[in-house]
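# Topology and contacts: notes
Residues per chain, in single letters:
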Amino acid sequence: MALVEKQRNGRIKPPFPRWVNTTITTLASVSVTMLGLLFVTFIIGRVMPIDPVLAVVGERASQETYDAAYEAMGLDKPLLVQFGYYIWDVLHGDFGESLLTARPVSEDIARVFPATFELATLGTLIGIFAGVPLGVMAAVHRGSWIDQIARVVALVGYSMPVFWMGLMGLLVFYGVLGWVAGPGRISIFYDGMVPTVTGMMLVDAAIDGNWTVFRDAFSHIILPASILGYYSLAYISRMTRSFMLEQLSAEYIVTARVKGMSERAVIWQHAFRNIRVQLITVFALSYANLLEGSVLTEIIFSWPGIGSYITTALLSADMNAVLGGTVVVGLVFILLNIFCDLLYKVLDPRAR
């Protein structure tokens, strides 16, 4: 059977539908990327100046105990074989056991990741809904006081250290004004009052219909989320302004204005419509950075997320937890890239 057949118009018909080829290409790309991530984490686990056997058996263990643990952990086998075992374990969700919690790392990550996901999601939404209009208005009123304020807001967002912003936020809004709750995800009084469904406190409280717990959880999350959202706003507004300035100087915008189209329609239906695909990349990068880089915010606000979990594990030489968390964060980046590709095809017919 021929691999291809000719259509009547003379063009070559591919042997498979385009979506099949796209799916195969995407899966191959994800597999190669994931394999590279696993290889890097595997090498890191082997070159770190930490003896994994001593971390398990302790420094006072006998040589016989050490040798038995060494063989049980598969460290006596060639590196290629060890890497194969490592891939097999990760594919089955087995990252080993945490030395700090004495529980499987996968269970720890399933417990702490929803907290970071909830915090980063709310922070990104704040950055998007505040940063995009600010960037658009700055571009439309280029050189005006609105543009100057937007640029100052972005500059401050890039310049201020996150730990300083967190401490000042706690001092002003919690310590002095009392507008928000203190560190942690929820008050001790409400801990355990709603069943865990998603691991995200706001969502679980809404599902349970317990709006008292919802308000308390919102009071705890709004300050750290606003601080992360401010840093996201600084990046999103600056990129939105840059993209809009490029579009507003294009010939089709001049043509639309000459035709008598309203300024609102020119800005939002023409110029902004053409930067949506570019903004998707900006949103994804901002979201990924908040998922990965919210360590200081989580530490300052005692937020039990994956950032503080990896940091604590690294300081305690708990390499299973460190590598497991690193793999999960890398997987999130990969999934975000796939999601962005799908949105590209939805918003831009040229990408289909």
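Structural data are supplied above this passage.
Please read these numbers as outputs of a predicted model, since none were measured by experiment.

### Topic: the overall build of the protein
From N to C terminus, the protein includes 15 helices and two strands. Looking at the protein as a whole, 38% of its 352 residues qualify as buried. Taking all contacts inside the protein whose residues are at least 6 apart in sequence as the whole, residues at least 24 apart take part in 68%. A total of about 20400 Å² of accessible surface is found on the protein, and carbon and sulfur atoms cover 65% of it.

### Some words on the packing of helix α10 (residues 251–258) against helix α11 (residues 263–271)
Close contact between α10 and α11 brings their axes to 10 Å; oriented N to C, the two are set at 145°. Of the two possible hands of crossing, α10 and α11 adopt the one that is right-handed. Contacts from Tyr252, Ile253, Ala256 and Arg257 in α10 reach Glu263, Val266, His270 and Ala271 in α11.

### So, the packing of helix α5 (residues 105–140) against helix α9 (residues 211–248)
In contact at an axis separation of 5 Å, α5 and α9 are set at 35° when each is read in the N-to-C sense. α9 is crossed by α5, and the crossing has right-handed handedness. Looking at the contact of α5 with α9 residue by residue, the classes come out as 20 nonpolar, ten polar and two charged.

### Topic: the nonpolar core
Core analysis: the biggest nonpolar cluster contains 24 residues, and Leu38, Tyr86, Phe95, Ile109, Ile306, Tyr309 and Val327 have the highest contact counts within it. Looking at this core, the elements that each hand over two or more residues are α1 (18–47), α4 (79–91), α5, α14 (306–315) and α15 (319–347). For this core, the leading source of residues is α15, giving eight residues. In contact with Tyr309, other than residues within four places in its own chain, are Ser98, Val105, Asp108, Ile109, Val112 and Ala321.

### Concerning the layout of surface pockets
One number sums up the size of the second largest pocket: a volume of about 270 Å³. Along the walls of the second largest pocket sit 14 residues, with Ile128, Phe283, Ala284, Phe339 and Leu343 positioned nearest its centre. Going through the elements one at a time, α5, α12 (276–293) and α15 are the ones with two or more residues in the lining of the second largest pocket. Broken down by class, the residue content of the lining of the second largest pocket amounts to eleven nonpolar, two polar and one charged.

### Considerations on unusual backbone geometry
The phi dihedral of Ser302 falls on the positive side, at around 50°, and the residue is not glycine. Along the chain, Ser302 turns up in the loop between α13 (295–300) and α14. Assessed through its relative accessible area of 47%, Ser302 is described here as partly exposed.

### Here we look at the environment of Met239
Looking at the secondary structure, you find Met239 in helix α9. With 108 residues separating them in the primary sequence, Met239 and Gly131 have C-alpha atoms 9.3 Å apart.

### Digging into the side chain of Ser286
Looking at the secondary structure, you find Ser286 in helix α12. Looking at Ser286, its side chain comes within polar contact range of the side chain of Ser232, at 2.6 Å. With residues up to four places along the chain from it excluded, the contact list for Ser286 reads Ser232, Tyr235 and Ile236.

### Some words on the pattern of salt bridges
Summed over the entire model, instances satisfying the criterion amount to five salt bridges. Measuring nitrogen to oxygen at the nearest pair gives 2.8 Å for the salt bridge that ties Arg185 to Glu118. Remark: Glu118 occurs in helix α5 and Arg185 occurs in the loop between α7 (162–176) and α8 (201–208); sequence separation between them is 67 residues. Like Glu118, Arg185 is buried. The salt bridge involving Arg241 is made with Asp147; its shortest N-O contact spans 2.8 Å. On the criterion of sequence distance, the pair formed by Arg241 in helix α9 and Asp147 in helix α6 (residues 145–159) is long-range, its members being 94 residues apart. Connected via shared salt-bridge partners are Arg103, Asp108 and Arg111.

### Re α9
Taking 1.5 Å per residue, 38 residues should reach 56 Å; α9 reaches only 45 Å between its end C-alpha atoms and comes up short. Considering bend angle alone, the principal kink of α9 is centred on Ile222 and spans about 35°; proline Pro224 follows within four residues of it.

Calculation criteria
- Residues numbered from 1 in each chain as written.
- Predicted model: local features only at pLDDT ≥ 70, side-chain atom pairs only at ≥ 80, totals over all residues.
- Heavy atoms only, no water.
- Helix = DSSP H or I, 4+ residues; strand = E, 2+ residues; numbered from the N terminus.
- Buried < 20%, exposed > 50% of the residue type's maximum accessible area, 1.4 Å probe, protein only.
- Contact = heavy atoms within 4.5 Å.
- Areas by Shrake-Rupley, 256 points an atom, 1.4 Å probe, with all protein chains shown as cover.
- Axes fitted to C-alpha atoms, helices over the stretch in contact; angles between N-to-C directions.
- Left-handed = near helix turned anticlockwise from the far one by under 90°.
- Nonpolar A, V, L, I, M, F, W, Y, C, P; charged D, E, K, R; others polar.
- Core = buried A, V, L, I, M, F, W, Y, C linked by side-chain atoms within 4.5 Å.
- 1 Å grid on protein atoms, 1.4 Å probe; cavity = no way out; pocket = protein on both sides within 12 Å on 5 of 7 lines; lining within 4 Å.
- Points joined across faces, edges and corners; volume = space filled by probe spheres on them.
- Polar contact = N/O pair within 3.5 Å; in protein donor to acceptor, adjacent residues only side chain to side chain.
- Salt bridge = Lys/Arg side-chain N within 4 Å of Asp/Glu carboxyl O.
- Expected span 1.5 Å × (residues − 1).
- Bend = angle between axes of the 7 residues up to and from the residue.

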